[in-house]
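Tertiary structure, described
Read off the chains here:
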Amino acid sequence: MATVQIPKDYKSLLGEKETEHAIVMIKDFFQTQLSTALNLTRVTAPLFVQSGKGLNDDLNGVERAVKFPVKDMGDAQMEIVHSLAKWKRVKVSEMKLPAGFGIYTDMNAIRADEDLDNIHSLYVDQWDWCECINKADRTIEYLKSAVRKIYACLKRTEFFIYDRYEQIKPILPENVQFVYADDLQKRYPDLTPKERETKICEEYGAVFLIGIGGKLPDGTIHDGRAPDYDDWISDSGDGHKGLNGDLLVWNPVLKQSFELSSMGIRVSPESLKLQLEERGCPERASLEFHKRLLNGELSFTMGGGIGQSRLCMFFLRKAHIGEIQVSMWPDEMRGTCEKNGIHLL
């Protein structure tokens, strides 16, 4: 159900024209920083993939993909991507990139079943990236190293914006903190996962929460994650599981945690089998993508997505993602925003 939060006394720090200019600056600057930090080459990406191949991101397994038939292909069904989580792995494998190098691309998606609010839209835009790695690099420390590089890109972008708009003060802490989802659950057992995130982000400012999708000690999961891209079942060491996570920051406008990125070491043939079984969908092993992975035809990789509109929303201190991107919103939400000084594009 659509909901909207109205921050008290909210006033945009930039007008509409300044906002549009700033969006371009942030996107141009950040993607250059990201590609340099992680040795990524830009590639062109699809807006849709063919149904039944296992290439689309299934998110939590219940969201419907937007589909359409193609007349010149015998009415074969295509579906708008939810993300490029699996497509990227095929791409870097076919490019035969060496370990330590990868790709990034502009991903545009439609998520028709999204619950619309200040930070969730029908339209999703992000930088999807994927790096080839050695099998020996499938470790939590290798993932943490990538997180630190991405966080350094965020810090540089924050200063870049402050240098041009002095009213937007830097707030990111010097370092990102690493926290395991199971430790967070033990620390705040009576809170919901979202409430736990808000507590820890308010304390640290920036957190990489490890182990998204795997079972917590009480049998629940912190948040949903499909079983066929991130590895959330392998041991990460020190009694924990999970080689993936979410990069969260404290949002001073909405007074809550704010996810900027989801990323992880991608599944091996062994962890894919285990995760398909745990999620009760072993039949996916017969899909084209999954068969190629199980047969060892795809490179070992690490990858993720970084929200473009989310990033701009955070750095420009906006209250609603609709102040950054053009999408569709319920009339009631539009009216409420307009009355409270939130201008939706």
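The protein appears in an unreviewed UniProt entry as Aspartate--ammonia ligase from Treponema ruminis. Looking at the protein in UniProt, the text filed under Subcellular location (unreviewed entry) is "Cytoplasm".

Taken as a whole, the largest pocket spans an internal volume of roughly 1,200 Å³. Taken together, 48 residues make up the lining of the largest pocket; nearest its centre are Arg 111, Glu 114, His 120, Glu 259 and Arg 310. Breaking the lining of the largest pocket down by element, the ones donating at least two residues are strand S6 (123-132), helix H5 (193-204), strand S11 (244-251), strand S12 (256-265), strand S13 (301-307) and helix H8 (308-315). A per-element tally of the lining of the largest pocket places S12 first, with eight residues.

Put simply, the protein has an average pLDDT of 94, and 99% of its residues get 70 or more. Of all helices and strands in the protein, the one with the weakest mean pLDDT is strand S9 (residues 235-237) (89), whereas S11 scores best (98).

Another aspect to go through is the packing of helix H1 (residues 16-38) against H8. Relative orientation of the contacting elements H1 and H8 amounts to 115°, with a least axis distance of 10 Å. For the pair H1 and H8, the crossing hand works out as right-handed. Residue-level inspection shows Ile 23, Ile 26, Lys 27 and Phe 30 of H1 in contact with H8, the latter providing Gln 308, Leu 311, Cys 312 and Phe 315. In the contact of H1 with H8, the residues fall into six nonpolar, one polar and one charged.

Let us now look at the pattern of salt bridges. Scanning the model with the defined rule gives 19 salt bridges in all. Between Arg 42 and Asp 106 there is a salt bridge, with the nearest N and O atoms lying 2.8 Å from each other. In this pair, Arg 42 sits in strand S1 (residues 40-42) while Asp 106 sits in strand S5 (residues 102-110), placing the two residues 64 residues apart along the sequence. Overall, the relative accessible area of 25% leaves Asp 106 in the partly exposed class. Put simply, Lys 53 and Glu 288 hold a salt bridge, and the shortest N to O gap is 3.3 Å. Of the two residues, Lys 53 sits in the loop between strand S2 (48-50) and strand S3 (67-70) while Glu 288 sits in helix H7 (residues 288-294), which places them 235 residues apart along the sequence. Taking the relative accessible area as the measure of exposure, Glu 288 reaches 41% and is therefore partly exposed.

A few words on helix H6 (residues 269-278). An α-helical turn contains 3.6 residues, so a residue and the one three or four places further along point in the same direction. Buried within H6 are the following residues: Pro 269, Ser 271, Leu 272, Gln 275 and Leu 276. Buried residues along H6 cover an arc of 160° about the axis, so they all sit on one side. Remark: Gly 280 follows H6 within two positions and exhibits a positive phi of approximately 70°.

Another aspect to go through is the environment of Gly 296. Along the chain, Gly 296 falls in the loop between H7 and S13. By relative accessible area, Gly 296 is classed as exposed at 52%. Considered as a pair, Gly 296 and Pro 269 are 27 residues apart in the sequence and their alpha carbons are 7.1 Å apart.

The element strand S4 (residues 76-80) is extensively covered by neighbouring structure, given that four of its five residues are classed as buried. Pairing between S2 and S4: three bridges, direction antiparallel. Residue pairing in the sheet places Phe 48 in a bridge with Ile 80 of S4. The hairpin formed by S3 and S4 contains five residues between the paired strands, and Gly 74 there has a positive phi angle of roughly 65°.

Attention shifts here to the sheet that holds S12. Strands sit in the order S1-S5-S6-S13-S12-S11-S8-S7 across an open sheet of eight strands; the sheet is mixed. Pairing within the sheet leaves two strands with one partner each, and these edge strands are S1 and strand S7 (177-180). On average, each strand axis in the sheet is tilted by 30° relative to the strand beside it, whichever way the strands run. Pairing analysis gives eight bridges linking S11 to S12, with the strands arranged antiparallel. By the bridge assignment, Gly 245 is partnered in S12 with Met 263. Across the face of the sheet, H1 comes into contact with S1, S5, S6 and S13 while running at roughly 20° to S6. Across the sheet, H8 is in contact with S5, S6, S11, S12 and S13; its angle to S12 comes to roughly 140°.

What counts and how
Residues numbered from 1 in each chain as written. Predicted model: local features only at pLDDT ≥ 70, side-chain atom pairs only at ≥ 80, totals over all residues. Heavy atoms only, no water. UniProt positions renumbered as here; feature names shortened; annotations may be inferred. 1 Å grid on protein atoms, 1.4 Å probe; cavity = no way out; pocket = protein on both sides within 12 Å on 5 of 7 lines; lining within 4 Å. Points joined across faces, edges and corners; volume = space filled by probe spheres on them. Helix = DSSP H or I, 4+ residues; strand = E, 2+ residues; numbered from the N terminus. pLDDT = per-residue confidence, 0-100. Axes fitted to C-alpha atoms, helices over the stretch in contact; angles between N-to-C directions. Left-handed = near helix turned anticlockwise from the far one by under 90°. Contact = heavy atoms within 4.5 Å. Nonpolar A, V, L, I, M, F, W, Y, C, P; charged D, E, K, R; others polar. Salt bridge = Lys/Arg side-chain N within 4 Å of Asp/Glu carboxyl O. Buried < 20%, exposed > 50% of the residue type's maximum accessible area, 1.4 Å probe, protein only. Arc of directions from axis to C-beta. Pairing = 2+ DSSP bridges.

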